[in-house]
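# Inside the fold
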Amino acid sequence: MATIGRATTAQLEHAEAPGSMLTHGAARALAVLRIATGFVFLWAFLDKTFGLGYATPAERAWINGGSPTKGFLSGVEVGPFQDFFHTIAGAAWADWMFMLGLLGVGAALILGIGLRIAAVSAGLMMAFMWLAEWPLAQETAAGEATRSSNPLVDYHVVYGVVAVVLALAYAGHTWGLGRWWAKLPFVRKNRWLI
């Protein structure tokens, strides 16, 4: 039994977090999850910026004068915050914050750097989008069914939680620039930048 325990321990990879251990397979799975999640955010940025024809047609692209927030936020039909979201729909500051958030979170996750900031940013962005969609409602303001599949935990919550888990697990250290990033002098002095 003692030999099996030592062999298992020898096969584990230490993460930088004190007392935490990840297997090589778990570290790789987290790296794949990190890159895939980063691509979700980066793709949304690219599609809204250039109008690649998926969620955003070319004529509504940000570079062609379209607003990345106007369509979604002006269409909010549920929840106690719908007037607030209608007010900020299409505002230049809201467009810039949203797009910088998508780009920053996407790039950070794909590169494996700044995961703590990315986790907070993704969490806030997803919380605001959750509030805008207000999955708690069963009917819109017009009385139509919302077709909300889960009133509490939807994809916004999942993406936010995933970003936090990736940051806490140092997921940028595997197949990313996280180890290099963590050794930079300004990051060593400001650990919140990891």
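Shown above is the structure to which this text applies.
An account of the accompanying structure is given in this report.

Scoring rules and cut-offs
- Residues numbered from 1 in each chain as written.
- Predicted model: local features only at pLDDT ≥ 70, side-chain atom pairs only at ≥ 80, totals over all residues.
- Heavy atoms only, no water.
- Helix = DSSP H or I, 4+ residues; strand = E, 2+ residues; numbered from the N terminus.
- Buried < 20%, exposed > 50% of the residue type's maximum accessible area, 1.4 Å probe, protein only.
- Contact = heavy atoms within 4.5 Å.
- Areas by Shrake-Rupley, 256 points an atom, 1.4 Å probe, with all protein chains shown as cover.
- Axes fitted to C-alpha atoms, helices over the stretch in contact; angles between N-to-C directions.
- Left-handed = near helix turned anticlockwise from the far one by under 90°.

Check the secondary structure of the chain and you find nine helices and two strands. For the chain, the succession of helices and strands along the chain, N to C, is α-β-β-α-α-α-α-α-α-α-α. Looking at the chain residue by residue over its 194 residues, the buried ones come to 38%. When contacts within the chain are restricted to residue pairs at least 6 apart in sequence, long-range pairs at least 24 apart make up 59% of them. When the accessible surface of the chain is split by element, carbon and sulfur atoms take 67% of a total near 11,300 Å².

Taken N-terminus to C-terminus, the directions of helix α2 (residues 24-50) and helix α5 (residues 92-111) make an angle of 145°; their axes are 7 Å apart at the nearest point. Where α2 crosses over α5, the handedness of that crossing is left-handed. Where α2 approaches α5, its residues R34, I35, T37, G38, F39, F41, L42, A44, F45, K48 and T49 are matched on the opposing element by F98, M99, L102, L103, V105, G106, L109, I110 and L111.

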